[in-house]
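# Structure at a glance
Chain residues, written in single-letter form:
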Amino acid sequence: MLLAENLTRLRKQHRMTQEQLAVQVGVTFQAVSKWETGQTLPDIALLPVLAGIFEVSIDALLGYLTSQNKISEYESRYREQEYYWGTAPSEMCYEVMKLKPPVRSWTLLDIGCGEGKDAVFFARNGYVVSAFDIADEGLHKAKQLAAASNVKINFFKANLLDYRLQSDFDIIFSSGVFHYIKPELRDELLKNYRDHTKNEGICALNVFVQKPFIAPPPDGEPSDTVWRSGELCGYFSDWYFHRSEQVVFDCNSSGIPHQHCMDVLIARKLG
Ligand SMILES: C[S@@+](CC[C@H](N)C(=O)[O-])C[C@H]1O[C@@H](n2cnc3c(N)ncnc32)[C@H](O)[C@@H]1O
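The text that follows walks through the structure, step by step, so that each part is easy to find. Note that the structure is a prediction, hence the values are computed from the model and not measured.

Attention now moves to helix α7 (residues 91-99). Listing the buried residues of α7 in full gives M92, C93, E95 and V96. Buried residues along α7 cover an arc of 165° about the axis, so they all sit on one side. Away from its buried face, by an angle of more than 90 degrees, α7 presents the exposed residues E91 and K98. If you follow the buried residues of α7, they end up packed against α8 (117-124), β4 (169-174), β5 (197-208), β6 (240-251) and β7 (258-268).

Every one of the 20 residues lining the ligand counts as a neighbour, but Y78, G112, D133, N159 and L160 are closest to it. At 3.1 Å, a side-chain N or O of K117 approaches an oxygen atom of the ligand. Surface burial for the ligand is 96%, taken as the share of its 590 Å² of free accessible area covered by protein chains. Taken together, the elements giving at least two residues each to the shell around the ligand come down to α6 (74-80) and α8. Looking at side-chain class alone, the shell around the ligand contains eleven nonpolar, six polar and three charged residues.

Once that is clear, we can look at the packing of aromatic side chains. Within this structure, the stated rule accounts for 15 aromatic pairs. Seen in terms of ring centroids, Y84 and W85 are 4.7 Å apart; in terms of plane orientation they differ by 90°. Their pairing is edge-to-face. Taken together through their ring pairs, the aromatic side chains of Y94, F121, F122, Y127 and F173 make up a single cluster. Lying over the aromatic face of W106, K100 brings its terminal NZ or CZ to 3.9 Å of the ring centre. Positioned above the aromatic ring of Y83 is the side chain of K141, whose terminal nitrogen or guanidinium carbon lies 4.9 Å from the ring centre.

To continue, consider unusual backbone geometry. A positive phi angle is found at E55, which is not glycine, with a value near 55°. Along the chain, the position of E55 falls in the loop between α4 (47-54) and α5 (58-62).

Below, the discussion takes up the pattern of salt bridges. When the charged atoms of two side chains with opposite charge come close together, those side chains can pair. Counted according to the given criterion, the structure contains 16 salt bridges. A salt bridge links E188 to R164, with the nearest nitrogen and oxygen atoms 2.7 Å apart. Here E188 is found in helix α10 (residues 183-195), whereas its partner R164 is found in the loop between β3 (154-157) and β4, with 24 residues between them in sequence. Here D195 ties to K191 by a salt bridge, and the two come within 2.6 Å at their closest N and O atoms. Taken as a pair, D195 and K191 lie in helix α10 at a separation of four residues, close to a single helical turn. Looking at D195, the relative accessible area reads 39%, which means it is partly exposed. Given a relative accessible area of 48%, K191 falls into the partly exposed group. Connected via shared salt-bridge partners are E91, E95, R243 and E245.

Conventions used here
- Residues numbered from 1 in each chain as written.
- Predicted model: local features only at pLDDT ≥ 70, side-chain atom pairs only at ≥ 80, totals over all residues.
- Heavy atoms only, no water.
- Buried < 20%, exposed > 50% of the residue type's maximum accessible area, 1.4 Å probe, protein only.
- Helix = DSSP H or I, 4+ residues; strand = E, 2+ residues; numbered from the N terminus.
- Arc of directions from axis to C-beta.
- Contact = heavy atoms within 4.5 Å.
- Near = heavy atom within 4 Å.
- Polar contact = N/O pair within 3.5 Å; in protein donor to acceptor, adjacent residues only side chain to side chain.
- Areas by Shrake-Rupley, 256 points an atom, 1.4 Å probe, with all protein chains shown as cover.
- Nonpolar A, V, L, I, M, F, W, Y, C, P; charged D, E, K, R; others polar.
- Phe/Tyr/Trp six-rings, centres within 6.5 Å; stacked < 30°, edge-to-face > 60°.
- Lys NZ or Arg CZ within 6 Å of the ring centre and 35° of its normal.
- Salt bridge = Lys/Arg side-chain N within 4 Å of Asp/Glu carboxyl O.

Structural data, given as structure tokens:
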């Protein structure tokens, strides 16, 4: 039944009729109707085709979530709220813009783009943007935001834990995401990001860090992995630091007032 529900939801999200989906898949619309009511199942050979049309993994299509995929409890937040993080860009976007003003079509990658507020901001300002996230619902809303702003962005689904960059970017940007990077993966991932930043390019990153004087957040996610304060900067010690700062801020998520501490780094790779 999960597959039936997912098919109906994804088809509607993509604003397709059963007939349109049937044509794309090469079956009758009665077949699609039977899948959606759970009377029959699509042939196994059609699963990659359906997953491709809806831009989700076959696991997601089947409603199968491994414990690792549960990491994205954002799926449900993104489903419930209009724009969970709002549509205004993060403060770090303006700093990036000042340092690398869009006098050329700089290429930018947004890692863990969520619902796309920052990616869309950059694209609206002339950057050539690619952006990925693990959450289908976030990506769906990000695409809608881009369409409403009349900009093109290369959005794709990827898990930052197993995705490695193959091409170079002028700017690598990520906000509120790096706490998902497990300690044992940090050396390799950060090297991959460094190696794929062009000369004179910048990395603009932040990460939640633990401080002894700040209590652990009441709603910390199970997949949170602790970063040491200063750890992020260490990976870029031979780059030029435009900003390296620690920010403590109040938060009221889950209705319990608490504080977070974040290390913010904006560094330039000098050739
Ligand atoms: C705090 S939100 C930040 C979203 C966005 N950067 C922003 O500032 O609006 C964290 C994001 O990380 C994504 N995320 C979590 N684990 C991930 C993973 N393993 N790979 C890719 N994205 C992931 C979540 O789906 C979520 O959209």
